[in-house]
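Per-entry structural report
One letter stands for each residue in the lines below.
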Amino acid sequence: MKEYRPFALQGWRGYVLSQVAEEIPLEKLDAWSQAPKLQVVRRLPLRCIVRLERPSGPAWYLKRICGLTDQKDGFLHALKWRFRPSRALHILNISQKLEKAGFRTPKVILAARYRPWWPWGKPTDLLITEEARGNLVSTLLWRVPPLPKEERLALLQKTGRELARLHRAGFVHGDCHPGNFFQDDPNRGFLYIDNDRTCQGRHFSLAGAARNLVSAAFALSRKLPLSFQEDFTQILEAYRQEARLPPSQEITLRQRIAHALVKRLRKGR
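What comes next concerns the included structure. Just so we're clear, the structure is a prediction, and the values are computed from it rather than from any experiment.

**Considering the overall build of the protein chain**
Helix and strand counts for the protein chain stand at eight helices and 12 strands. Rg of the C-alpha trace for the protein chain: 20 Å, near the compact-globule value of 18 Å for 269 residues, within the 12% margin. If one aligns the C-alpha atoms of the protein chain with their principal axes, the spans along those axes are about 55 × 45 × 35 Å. Relative to its full complement of 269 residues, the protein chain shows a buried share of 46%. Summarising the internal contacts of the protein chain: among those between residues at least 6 apart in sequence, 63% fall at separations of at least 24. Accessible surface, the protein chain: about 15000 Å² in total, of which carbon and sulfur atoms supply 52%. Each charge class in the protein chain was averaged separately, 47 positive and 25 negative side chains, and the resulting centres sit 8 Å apart.

**Quick word on the sheet that holds strand 5 (residues 60-65)**
Pairing between sheet strands relies on hydrogen bonds along the backbone, with the strands arranged either parallel or antiparallel. The seven strands are arranged 1-2-6-7-5-4-3 in an open sheet whose pairing can be described as antiparallel. Of all strands in the sheet, those bounded by a partner on one side alone are strand 1 (4-9) and strand 3 (39-44). Pairwise comparison of adjacent strand axes, ignoring direction, gives a mean angle of 15° for this sheet. Of the strand pairs in this sheet, strand 6 (residues 108-114) and strand 7 (residues 124-130) are connected by six bridges, and their pairing is antiparallel. The residue bridging A111 from the neighbouring strand is L127, located in strand 7. Sheet strands touched by helix 3 (residues 87-100): strand 1, strand 2 (12-17), strand 4 (47-52), strand 5, strand 6 and strand 7. Its angle to strand 6, the strand with the most contacts, is close to 145°.

**Concerning the pattern of salt bridges**
Enumeration according to the criterion identifies 15 salt bridges in this entry. Across the pair R64 and D30 runs a salt bridge, and its minimum N-O distance is 3.2 Å. Taken together, the positions of R64 in strand 5 and D30 in helix 1 (residues 29-32) put the pair 34 residues apart, joining distant regions of the chain. Residue classification places R64 among the buried positions, given a relative accessible area of 13%.

Cut-offs and rules
Residues numbered from 1 in each chain as written. Predicted model: local features only at pLDDT ≥ 70, side-chain atom pairs only at ≥ 80, totals over all residues. Heavy atoms only, no water. Helix = DSSP H or I, 4+ residues; strand = E, 2+ residues; numbered from the N terminus. Rg over C-alpha atoms; globule rule 2.2 N^0.38 Å. Buried < 20%, exposed > 50% of the residue type's maximum accessible area, 1.4 Å probe, protein only. Contact = heavy atoms within 4.5 Å. Areas by Shrake-Rupley, 256 points an atom, 1.4 Å probe, with all protein chains shown as cover. Lys, Arg positive; Asp, Glu negative; His and termini not counted. Charge placed at Lys NZ, Arg CZ, Asp CG, Glu CD. Pairing = 2+ DSSP bridges. Axes fitted to C-alpha atoms, helices over the stretch in contact; angles between N-to-C directions. Salt bridge = Lys/Arg side-chain N within 4 Å of Asp/Glu carboxyl O.

Below is the structure:
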């Protein structure tokens, strides 16, 4: 955290990247982050993502989070949101851990939480990240016309290898699908985004690995129903070679994936 400096102003508490702190009016953070001139990328009931162009340097994405989920906003969910740790601060923390372990994420510029002074007011999280350059892996896989066969095969195999590397380091991605992986350089690892629920354990997690692989397979089944089995086989084989699991763990992992994937495909979600 040496490159970040803490701040506490107008109800906001968090960290800002020291080298660009002068570009952000921290004393007016709430109004500045909701200025009408900002380009809205996505607006949902409890979260909003906007894009800020800068005179010099990459653009920034500002994400405001006001609740656990956009589908459920009852009393219980509001209560959980109030007492759960800040997602923005979690993303900053896990991004630092990922980078330390040799993985890449969008540069976090600011992470903060606003807590109202009244007892039952709902907190708000604000996360600012640097714009990622390159293409989402999903964009490359779903594109029309499709990638040349060799390029597509290489991308699927890379997905399997990168997930194996991530899991061997003890990480489990919080929302694992090709839409959350950026490829900016074919010769480097992916850049991981949407790390709200990404976590790190001390050791390889068989359950976490199965959950991530099933999520990736399900995403393929929704977008590429005719080829997803063949595509996922490529991912899984590359994963197996990179992970180098003991035979007993490999068998257990395959069984967990098969069981969980059948359940998700039946439910359709």
